[in-house]
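These are the residues of each chain, in order.
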Amino acid sequence: MLSVQHVTKVYDGTVRALEDVTFDVSKGQFLAVIGLSGSGKSTLLRCINRLIDPTAGRIVFDGVDVTAANEAELRRIRRRIGMVFQHFNLVHRSSVLTNVLSGRLGYVNPALSIINRFPAEDVHKARLQLERVGLADKASNRADELSGGQQQRVGIARALMQDPDMILADEPVASLDPVLAHSIMQYLEQINHEDGVTVLCSLHFLDLVHRYANRAIALNQGRLVFDGPPDEIDDQRFKEIYGKEAERVG
Amino acid sequence: MNKASPLKSLRLGLFVLAALVIYAYGFQVTDVNLDEIQSETRQTRLARIIRALFRPDLFEYEHEEFQVNTPISVPCPAGGVLPTPRPTAGEPYLVLTPPCADPRAEVTVEGFNFEPNTVGPLNFIPPSGVSLTMANVETDSDGHFAISARLPNRPSEEVQTIRAITRRNVGAPMWSQNARDTWSKIIETVFLALLATTLATILAVPISFFAARNLMRDVTTSLASTALAILAWPAGILIGASVAGWVGQASRMLTASLAIHVGAIIVGPLLIWGAARWAVPPEERRVPTIWLRLARQAALLVAVVISVLALFLVAQLASDLGAALRDRLGALGFLGEFFADLGDIVSLLIVPIAALAAGAVVGSLASRLGQMLNEHASGGLWYTLHFGLGILGGTVLGLLIGGAIGWLYEISDPVFTRALPAALGGLGGLALAVRTHAGRPVAIGLTIYYLTRTILNALRSIEALIVALVMVVWVGLGPFAGALALALHSIAAGSKLYSEQVESIMPGPLEAIKATGATRLQTIIYAVIPQIIPPYISFTMYRWDINVRMSTIIGFVGGGGIGFLLQQNMNLLDYRGASAQILAIAIVVATMDYISSRLRERAI
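All values derive from a computational prediction rather than experimental measurement.

Engineer: For the overall build of chain B, give the residues involved together with the corresponding values.
Structural biologist: Counting its secondary structure elements, chain B contains 18 helices and seven strands. Counting only C-alpha atoms and orienting by the principal axes, one finds that chain B spans roughly 125 × 90 × 55 Å. Considering only intrachain contacts with a sequence separation of at least 6, the fraction spanning at least 24 residues in chain B is 75%. Entry remark: accessible area of chain B is about 35800 Å², with carbon and sulfur atoms responsible for 67%. With 42 positive and 40 negative side-chain charges, chain B shows a spacing of 16 Å between the two charge centroids.

Engineer: If you had to explain the interface of chain A and chain B to someone new, which residues and values would you point to?
Structural biologist: Listed per partner, the contact involves 40 residues of chain A and 31 residues of chain B. Between chain A and chain B, a total of about 3000 Å² is buried, with carbon and sulfur atoms accounting for 54% of that surface. Joining chain A to chain B, the criterion identifies two salt bridges. The salt bridge involving Glu511(B) is made with Arg46(A); its shortest N-O contact spans 2.3 Å. Where chain A meets chain B, there are eight residue pairs in polar contact (both at pLDDT 80 or more). Of all elements in the fold, only helix H2 (71-78), strand E6 (81-84) and helix H4 (110-114) of chain A reach the threshold of two or more residues within the side of chain A that touches chain B. When residues in the side of chain A that touches chain B are grouped by element, the largest group, five residues, is from H4(A). Among the residues making up the side of chain A that touches chain B, the classes are represented as 15 nonpolar, 13 polar and 12 charged.

Engineer: Explain the pattern of salt bridges to me, using residue names and the numbers behind them.
Structural biologist: Within the structure shown, the criterion is met by 28 salt bridges over all chains. Here Arg215(A) ties to Asp227(A) by a salt bridge, and the two come within 3.0 Å at their closest N and O atoms. Remark: Asp227(A) occurs in strand E10 (residues 223-228) and Arg215(A) occurs in strand E9 (residues 215-220); sequence separation between them is 12 residues. Between Asp545(B) and Arg549(B) there is a salt bridge whose closest N-O contact spans 2.9 Å. Here Asp545(B) and its partner Arg549(B) are both found in helix H16 (residues 520-556), four residues apart, which amounts to about one turn of the helix. Judged by relative accessible area, which is 36%, Arg549(B) ranks as partly exposed. Overlapping salt bridges, with partners in common, bring together Arg104(A), Asp122(A), Lys125(A) and Asp163(A) in one network.

Engineer: Can you tell me about the sheet that holds strand E2 (residues 93-97) of chain B, naming the residues and giving the values?
Structural biologist: Residue and element names in this part refer to chain B. Strand order in the open sheet formed by three strands is E2-E3-E6, and the pairing between neighbours is antiparallel. Unpaired on one side and paired on the other, E2 and strand E6 (145-150) mark the two borders of the sheet. For this sheet, the mean angle separating the axes of adjacent strands, direction not counted, is 25 degrees. Pairing geometry for strand E3 (residues 106-112) and E6, over six bridges, is antiparallel. Paired with glutamate 110 across the two strands is alanine 146, which belongs to E6.

Engineer: How would you sum up the sheet that holds strand E5 (residues 64-65) of chain A? Please name residues and give values.
Structural biologist: All names here are of chain A. An order of E2-E1-E4-E5 is seen for the four strands of this open sheet, with the pairing classed as antiparallel. Whereas interior strands pair on both sides, the edge strands pair on one side only; in this sheet they are strand E2 (15-25) and E5. As paired elements, strand E4 (residues 56-61) and E5 share two bridges and run antiparallel to each other. Along E5, the bridge assignment pairs valine 60 with aspartate 65. Here helix H1 (residues 41-48) sits on the sheet and contacts strand E1 (2-11), E2 and E4; the angle it forms with E2, its principal contact strand, is near 60 degrees.

Engineer: Which residues make up a negative patch on the surface, and what values go with them?
Structural biologist: Residues Asp231(A), Glu232(A), Asp234(A) and Glu240(A) make up a contiguous surface patch of negative charge. For Glu232(A), the location among the structural elements is in the loop between E10 and helix H9 (235-242).

Engineer: Tell me about the packing of aromatic side chains, and name the residues and values.
Structural biologist: In total, this model carries 10 aromatic pairs over all chains according to the counting rule given. Feature note: the residues Trp382(B), Tyr383(B) and Phe387(B) constitute an aromatic cluster, connected by ring pairs. It is Arg104(A) that lies over the ring of Tyr107(A); its NZ or CZ is 4.2 Å from the centre.

Engineer: Outline the pairing of E6(A), supporting the account with residue identities and numerical values.
Structural biologist: Residues and elements named next belong to chain A. Burial along E6 is two-sided: Ile81 and Met83 facing one way and Gly82 and Val84 facing the other are all buried. Strand direction decides the pairing type here: E6 and strand E7 (residues 166-170), joined by four bridges, are parallel. What sits directly across from glycine 82, in E7, is isoleucine 167.

Engineer: Tell me about the nonpolar core, residues and numbers included.
Structural biologist: Ranked by size, the top nonpolar core spans 70 residues in total, and within it Met185(A), Leu188(A) and Val528(B) carry the most contacts. Sorting elements by how many residues they give to this core places H16(B) first, with seven residues. Excluding its chain neighbours within four sequence positions, the residues that come into contact with Leu188(A) are Phe30(A), Ile156(A), Ile167(A), Ala169(A), Pro172(A), Val199(A) and Cys201(A). Membership of the second largest hydrophobic core comes to 31 residues, among which are Leu18(A), Leu45(A), Ile59(A) and Ala512(B).

Engineer: Describe the packing of helix H10 (residues 379-409) of chain B against helix H11 (residues 414-435) of chain B, naming the residues involved and giving the relevant values.
Structural biologist: All names here are of chain B. Packing of H10 against H11 leaves a shortest axis separation of 6 Å and a crossing angle of 145 degrees. For the crossing formed where H10 meets H11, the hand is right-handed. Residue-level contacts link His386, Phe387, Gly390, Ile391, Gly394, Thr395, Gly398, Leu399, Gly402, Gly403 and Gly406 of H10 to Thr417, Arg418, Pro421, Ala422, Gly425, Gly426, Gly429, Leu430, Ala433 and Val434 of H11. When the residues that make up the contact of H10 with H11 are grouped by side-chain class, the tally is eight nonpolar, 12 polar and one charged.

Engineer: So, the domain arrangement of chain B: which residues are in play, and what are the values?
Structural biologist: Domain parsing of chain B yields domain 1 (13-50), domain 2 (62-175), domain 3 (178-207 + 461-604) and domain 4 (232-366). Placing a centre on the C-alpha atoms of domain 1 of chain B and another on those of domain 2 of chain B gives a separation of 45 Å.

Engineer: So what's going on with the state of the cysteines? Residues and values would help.
Structural biologist: Counted under the stated rule, the structure contains one disulfide over all chains. What pairs with Cys76(B) in a disulfide is Cys100(B), and their sulfur atoms sit 1.7 Å apart. Because the torsion about its S-S bond is 100 degrees, the bridge between Cys76(B) and Cys100(B) counts as right-handed. With a gap of 24 residues between them, Cys76(B) in the loop between strand E1 (59-72) and E2 and Cys100(B) in the loop between E2 and E3 connect regions that are remote in the sequence. Note on Cys100(B): relative accessible area 8%, which makes it buried. Free of any disulfide, Cys47(A) has its nearest cysteine sulfur in Cys201(A), 18 Å distant. With a relative accessible area of 0%, Cys47(A) lands in the buried category. Taking relative accessible area as the criterion, Cys201(A) reaches 0% and is therefore assigned buried.

Engineer: Explain helix H17 (residues 562-571) of chain B to me, using residue names and the numbers behind them.
Structural biologist: Residues and elements named next belong to chain B. Three or more residues of H17 are buried, namely Ile562, Gly563, Leu565, Leu566 and Asn569. The buried residues of H17 occupy an angular sector of 160 degrees when projected down its axis, which confines them to one face. In this fold, the buried residues of H17 make contact with helix H4 (177-210), H16 and helix H18 (575-603). Taken from the residues just after H17, leucine 573 is the one with a positive phi, measuring 60 degrees.

Engineer: An account of the packing of H16(B) against H18(B) is needed here, citing residue identities and associated values.
Structural biologist: Residue and element names in this part refer to chain B. Orientation of H16 relative to H18, taken along the N-to-C sense of each, is 175 degrees, at an axis distance of 9 Å. Between H16 and H18, the interaxial angle falls into the category roughly antiparallel. Facing H16, whose interface residues are Pro534, Ile537, Ser538, Met541, Trp544, Asp545, Val548, Arg549 and Thr552, H18 presents Ile585, Val588, Val589, Met592, Ile595, Ser596, Leu599, Arg600 and Ala603. Here the contact of H16 with H18 is composed, by residue class, of 12 nonpolar, three polar and three charged.

Reading the values: the criteria
Per-chain numbering applies: the sequence of each chain, read as written, is numbered from 1 onward. To label them, take the chains in the order written and letter them from A, then take the ligands in the order written and number them from 1. In view of the model being predicted, local features appear only for residues whose pLDDT reaches at least 70, and side-chain atom pairs are presented and counted only at 80 or more, with totals across whole chains, interfaces and linings using the full set of residues. Remark: hydrogens and water are excluded; side-chain values derive from all non-hydrogen atoms of the structure. Secondary structure elements are taken from DSSP: a helix is a run of H or I of four residues or more, a strand is a run of E of two residues or more, and numbering for both begins at the N terminus. A contact between two residues is defined here by any heavy atoms of the two lying within 4.5 Å. To be clear on the numbers: accessible area is Shrake-Rupley with a 1.4 Å probe, and residue cover counts the displayed protein chains and nothing else. Neither His nor the chain ends is counted toward charge; the positive residues are Lys and Arg and the negative residues Asp and Glu. Charge positions are represented by NZ for Lys, CZ for Arg, CG for Asp and CD for Glu. Two parts placed together each lose some accessible area; with a 1.4 Å probe, that loss summed over both constitutes the buried area. Salt bridge, as used here: a side-chain nitrogen of Lys or Arg that lies within 4 Å of a carboxyl oxygen of Asp or Glu. Polar contact is the term for a pair of N or O atoms within 3.5 Å; when the atoms are in protein, one must be able to donate a hydrogen and the other to accept it, and sequence-neighboring residues count only if both atoms are side-chain atoms. Here the nonpolar group is Ala, Val, Leu, Ile, Met, Phe, Trp, Tyr, Cys and Pro; Asp, Glu, Lys and Arg are the charged ones; every other residue, Gly included, is treated as polar. Burial status follows relative accessibility: with a 1.4 Å probe on protein chains alone, a residue under 20% of its type maximum counts as buried, one over 50% as exposed, and anything between as partly exposed. Paired strands are those between which DSSP finds at least two bridges. The convention used is that axes are lines fitted to C-alpha atoms, helices contributing only their stretch in contact, and that angles between N-to-C directions extend from 0 to 180 degrees. The residues that make up patches have over 30% relative accessible area and no salt bridge, and they are joined within 9 Å when like-charged or within 5 Å when they are Val, Leu, Ile, Met, Phe, Trp or Tyr. For Phe, Tyr and Trp, where Trp contributes only its six-membered ring, two rings pair if their centres lie within 6.5 Å, and the inter-plane angle classes them as stacked under 30 degrees, edge-to-face over 60, or tilted in between. By definition, being over a ring means that NZ of Lys or CZ of Arg is both within 6 Å of the ring centre and within 35 degrees of the ring normal. We define a nonpolar core as any set of buried Ala, Val, Leu, Ile, Met, Phe, Trp, Tyr and Cys residues linked to one another through side-chain atoms lying within 4.5 Å. Each crossing gets its hand from how the near helix is turned against the far one by less than a right angle, where anticlockwise is left-handed and clockwise is right-handed. An automatic or database domain assignment is the source of the domain bounds shown. In plain terms, two cysteine sulfur atoms within 2.5 Å form what is called a disulfide here. Arc definition: directions from the helix axis to the C-beta atoms. Roughly parallel means an angle under 35 degrees; roughly antiparallel means over 145; roughly perpendicular covers 65 to 115; every other angle is labelled oblique.

This is the structure:
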């Protein structure tokens, strides 16, 4: 499904954010990406849909070379990869429905979407997705009127509008309290199980990794230091991933 | 670290010394003169102006005039002084001390029983009957005044007269002529500023996107595609202009009969709608075949040509209708005039806009072709295209710039307008071709960004006052010249402010929309525009406010508006008149501030 081959990212010629990272993801996996802040998790996820251009290496998604794609091809790849963000990244002043509909932008006709016209079946679908995340009554509210947990659910609905084959979730629960964190993770789990969508999710808390992921990779200063099932992360591995002084919490 | 080192104190000492010198020089060149401002004449003059400014000339009354005369001999006659007439009880009278005097002597004039709290002139009436003002008098609450004044140099054998005139206001206050003029000019000013701001905003909003670094940074393209776009733009502009011109000619055949004219306006949009409906499908999962895409482009092209025709027809209709209405609507005739003007503006603008649009379309098609060539060509062919198109593009750009220089400086020598620019351009293209390769494309976005910024900065540093001088030459004296000058300045200033707002939007939503596979334009519409609406509204209101204030200066050079009146009153030293205009500007600015804060509250 996804193959990341020797990917390196160097910012401004000096900061080495990713160093020769290689791994494969097969269809239907729930892959957790762990590591300290600044270890390159966000950069890795953004390299996959080329929100950030990798400096070297190759990324192949479903048989298509992402790194070599031109603009039109890249858009067709991006529309099949949903993305969920730590800070939700909703457009605050737009309505919830418009935020969800914007997930269709890769599919709809650009000329019509400019005047905010979406096909009727897309609007219907957007309402179904909002119902699925329990926000059907909030469709016409402004996005910034919603609480953090609700905003992240809108973010998930937006990603689902893309009919994605894969979802990239960049610290989706880091800005939320533990109860909300579980509810958001359960939505991702549900999408993974029921719709068969591959999920790549960067996470901070190991208990979330154990509870939801069926595979984990760990980054330390841009290098891949672990790749395997979450159960294998024992104290020894933990110190390798997070450094010698680190202590386990939660 | 915190130890006081001698070097540090020395540096501080030098810094203080340098600051001293700088301010001393500043005082010298600004001519700071404290003796002059303390002199008594200056201070009384200042006080007079300040008092006048606080008493705007707004109201006037019907007057009732009282005249009181007293005889005087200038110089004192040999036979002794005339007896002063005895005052009648209750009637106003004047007392002179001394009762006679030499020319230019100082006399004291006292008035009794006058109307309390009134003002008026004290005149000297020689035998010829003219009035020579000696002073102005002001009565106190008892109707009394005392003033010493100098007699004029009018010696005469005859008895002359000193006359005190006081005026009493009667009836209700009325707006003075000055107040009525101020009203009509402030209205003119507000609308002049509104037109300038509207025109400027329409143009500044799209320009501001080109001047926003965060949007332009990532736009790169291959050299072949840039070069092809440079080649295609002028061609597109020519094609657009000639097609639009031809359509304009054709439209005249349809306007001969009103029925055909109106019919065409109804049928045209239907055709356009049909063509657009077919050529712009709402959603597509599969990439359409090349033939289908070509057919769609052709249909759109036909739709565009019909739209241009329809625009011509609508403009012509508006123009005719407006002209007919203007003569029949009486007081609302300006509405007809407005329609006629709108029609004329549209027909004037169709050709240049069509030319620019065609340039953009042909340019972007060529750029896409270049991108395709860049991707599919390899090896020698790629190098041939890369270098060949790079040099060709550079040459054409050089020729275009050479043509502009030739026009500007009226050079006709082809060496300077053709050969040299072409050679330099070609060399530039070659240098660029050497520097760029597949992994390092042309940063066209940043180039456009810097170009836009430079032009805007240059435009912004030209004061609206100077632009107004040029506009007065072009369109003649009056508010239209002022509106154009303010608009030009507002485009530059507005684009800068707007683009800085675009640069400070939250990057998160931008990233999220990009990640859905949206095109660049969709990203701007869905992630950028919602974020910039509140600051754009407040900046536009602020710009309007600035333009109202600027129009005072514009009026000084004949750009219409309230500035004309203000300058006139200042030149006549009528500070009370000027004060009314200043007050009007202050009221308008305060009102607009209130309205804009309310609008902002709603928009956030």
